[in-house]
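The chain contents come next:
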Amino acid sequence: QKLDTLVSDKETEAFFNENMESFKLKSSILRPWFMSVSADAPNKEKLVQWFNGDPEEDIEDLDEYCKKYAETCFLNQEDWMYKDDLLKQIPLEVEDWSNFLRTNTYHEFEKDGQMFLLRIFDYKLRGNDAPLELEKQKVQNLIINQRKADLVKKMREDAVKEAYAKNKIEWIKD
């Protein structure tokens, strides 16, 4: 007997939807772009223009600029990121995150000789349902662990039945 470790997208989505209450966000998440460059980096006006422009049109220019001048750069707006992970990358000081996320799609600031840029494409606040993309690996692991438990239970039952059939187990009644 083998454990099936392949989990289809359909099965993943079904499990996720059936157990949505188990996937509430414990922290706010966002889909950002962010970067930091030296405060005296060249062409900062152009950088800000690209950063706030059309993601599909300006991504190549931004990427090229990042390779040359950025100390920190993240330009994948498809990936969800926990707020705390973002804060490890840029020293953003915000008191009210709910309000900040609701009212800002772009934020720029300077600190310690660095210019920081943040663009927020989407966000979800703590307590909301987590998106499947963020929880996909966890859901698939839960499914595999359930399969593992079911397989162990079945193997145990089969071993007992086989031993009983071969008279290696005797039921004792009081």
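Residues numbered from 1 in each chain as written. Predicted model: local features only at pLDDT ≥ 70, side-chain atom pairs only at ≥ 80, totals over all residues. Heavy atoms only, no water.

Concerning the pattern of salt bridges
This model, assessed by the stated rule, comprises 13 salt bridges. A salt bridge links Arg147 to Asp4; the shortest N-O distance between them is 3.8 Å. Taken together, the residues Arg147 in helix α6 (residues 132–165) and Asp4 in the segment before α1 (9–18) connect sequence positions 143 residues apart. Residue classification places Arg147 among the buried residues on the basis of a relative accessible area of 18%. Look at Asp4 and you get partly exposed, because its relative accessible area is 43%. Among the salt bridges present, the one from Lys136 reaches Asp9, with a minimum N-O distance of 3.0 Å. Within this pair, whereas Lys136 is found in helix α6, its partner Asp9 is found in helix α1, the two being separated by 127 residues in sequence. Given a relative accessible area of 51%, Asp9 falls into the exposed group. (Salt bridge = Lys/Arg side-chain N within 4 Å of Asp/Glu carboxyl O. Helix = DSSP H or I, 4+ residues; strand = E, 2+ residues; numbered from the N terminus. Buried < 20%, exposed > 50% of the residue type's maximum accessible area, 1.4 Å probe, protein only.)

Re the state of the cysteines
Two cysteines whose sulfur atoms are joined by a covalent bond form what is called a disulfide. One pass over the full model with this rule turns up one disulfide. Through a disulfide, Cys66 is tied to Cys73; the S-S separation comes to 2.2 Å. The sign of the S-S torsion, about 70°, decides the handedness of the disulfide formed by Cys66 and Cys73: right-handed. (Disulfide = S-S within 2.5 Å.)

Comments concerning the side chain of Ser27
Summarising the element assignment, Ser27 is placed in the loop between α1 and β1 (29–38). Residues in contact with Ser27, not counting those within four places in the same chain, are Tyr82, Lys83, Asp84 and Arg126. (Contact = heavy atoms within 4.5 Å.)

Points about unusual backbone geometry
One non-glycine residue, Asn43, lies in the positive phi region at around 55°. Relative to the assigned elements, Asn43 resides in the loop between β1 and α2 (44–52). Positive phi outside glycine occurs at Asp112, with the angle close to 50°. Examined against the element boundaries, Asp112 turns out to sit in the loop between β4 (106–111) and β5 (114–124).

Some words on the pairing of β4
Across six bridges, the pairing between β4 and β5 is antiparallel. Paired with His107 across the bridge in β5 is Leu118. Here β4 folds back onto β5 in antiparallel fashion, the turn holding two residues, of which Asp112 has a positive phi close to 50°. (Pairing = 2+ DSSP bridges.)

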